[in-house]
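Listed below, chain by chain, are the residues.
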Amino acid sequence: IEATTIDDITRRAGVAKGSYYRYFADKTALVESLLEPVAQALLSSMARAGTALDGAVDTGLYALLAAELAGILLSNPDVVRLYLQECRAPLEGSRAPVRRLADQVAQHAVLLTKKAHARGLLREFPASVSALSVVGAVERLLFAVLTGEETGDPLTVSQGLISLVLDGIRAR
């Protein structure tokens, strides 16, 4: 993001620089605009999973969450690829919206894990270790899918990962 100039963006989009500034104050505003629909859907899905965990008796909702997230993410491949390329960047400049979203995803994942621990659904690993391990694995697999690495059917990758992870952390 930082290496791309507004001139690069307008040239590639085939619009005048003035037209760009009519809609966006700067690159940060453009990045926020690109991320917003995906971020809303992603965080809403995770919030619904948190509510569902309040009454959960098993870990089945993780497969439902994985399928829902896969649909959201795979229907927005360019935005997701941008997110994956920049989500570990410093919280500064035009990358800040991406990093803020990454931090929100991590916070939601830790919250979901804590709720699952409270329900006795997961083994008592530290919530941040479990949650961030899963987030990291999902992000790496998603990047592989979006860049054409051989991973199998993209719609079943996340469900397979959740099953694999839960076999290790599900309460016995």
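Residues numbered from 1 in each chain as written. Predicted model: local features only at pLDDT ≥ 70, side-chain atom pairs only at ≥ 80, totals over all residues. Heavy atoms only, no water.

**Looking at the overall build of the chain**
Stated precisely, the cut-off is as follows: Numbering of helices and strands starts at the N terminus; helices are DSSP runs of H or I of at least 4 residues and strands are runs of E of at least 2. Note on exposure labels: buried denotes an accessible area under 20% of the residue type's maximum, exposed denotes more than 50%, and partly exposed covers the range between, all computed with a 1.4 Å probe on protein chains only. Throughout, a residue-residue contact means that at least one pair of heavy atoms, one from each residue, lies within 4.5 Å. Throughout, the Shrake-Rupley method with a 1.4 Å probe supplies accessible areas, and for residues the shown protein chains are the sole cover considered. The sign given to each residue is positive for Lys and Arg and negative for Asp and Glu; His and the chain ends receive no count. The location of each charge is read from NZ of Lys, CZ of Arg, CG of Asp or CD of Glu.
Helices and strands together make up the secondary structure of the chain, namely eight helices and zero strands. Helices and strands appear in the chain in the N-to-C order α-α-α-α-α-α-α-α. If one aligns the C-alpha atoms of the chain with their principal axes, the spans along those axes are about 60 × 30 × 25 Å. Every one of the 172 residues in the chain was classed for burial, and the buried ones make up 41%. Considering only contacts within the chain whose residues lie at least 6 apart along the sequence, 65% involve residues at least 24 apart. When the accessible surface of the chain is totalled, it reaches about 9,400 Å², and 57% of it is carbon and sulfur. Considering the chain, the positive charge centre built from 18 side chains and the negative charge centre built from 19 side chains are found 2 Å apart.

**With respect to the nonpolar core**
Going by this rule: The term nonpolar core refers to a set of buried residues drawn from Ala, Val, Leu, Ile, Met, Phe, Trp, Tyr and Cys, joined through side-chain atoms within 4.5 Å.
Leu35, Leu53, Tyr62, Tyr83, Val98, Leu101 and Val105 are the most contacted members of the largest nonpolar core, which totals 43 residues. At the level of elements, α3 (27–53), α4 (60–74), α5 (77–86), α6 (96–118), α7 (127–146) and α8 (154–169) are the ones that each hand at least two residues to this core. Those residues in contact with Tyr62, other than ones at most four positions away along the chain, are Leu53, Leu112, Thr113, Ala116, Leu122, Ile162 and Leu166. One finds Ile6, Tyr20, Phe24 and Leu30 within the second-largest nonpolar core, a separate group that totals five residues.

**Examining helix α1 (residues 6–13)**
Inclusion rule: As used here, the arc is the angular range of directions from the helix axis to the C-beta atoms.
Taken residue by residue, α1 has Ile6, Ile9 and Thr10 as its buried positions. Along the axis of α1, the buried positions cluster into a sector of 90°, meaning they face one direction only. Exposed positions of α1 whose direction lies more than 90 degrees from the buried face are Arg11 and Arg12. Where α1 is buried, its residues meet α2 (17–23) and α3. Downstream of α1 by one or two residues, Gly14 has phi in the positive range, about 70°.

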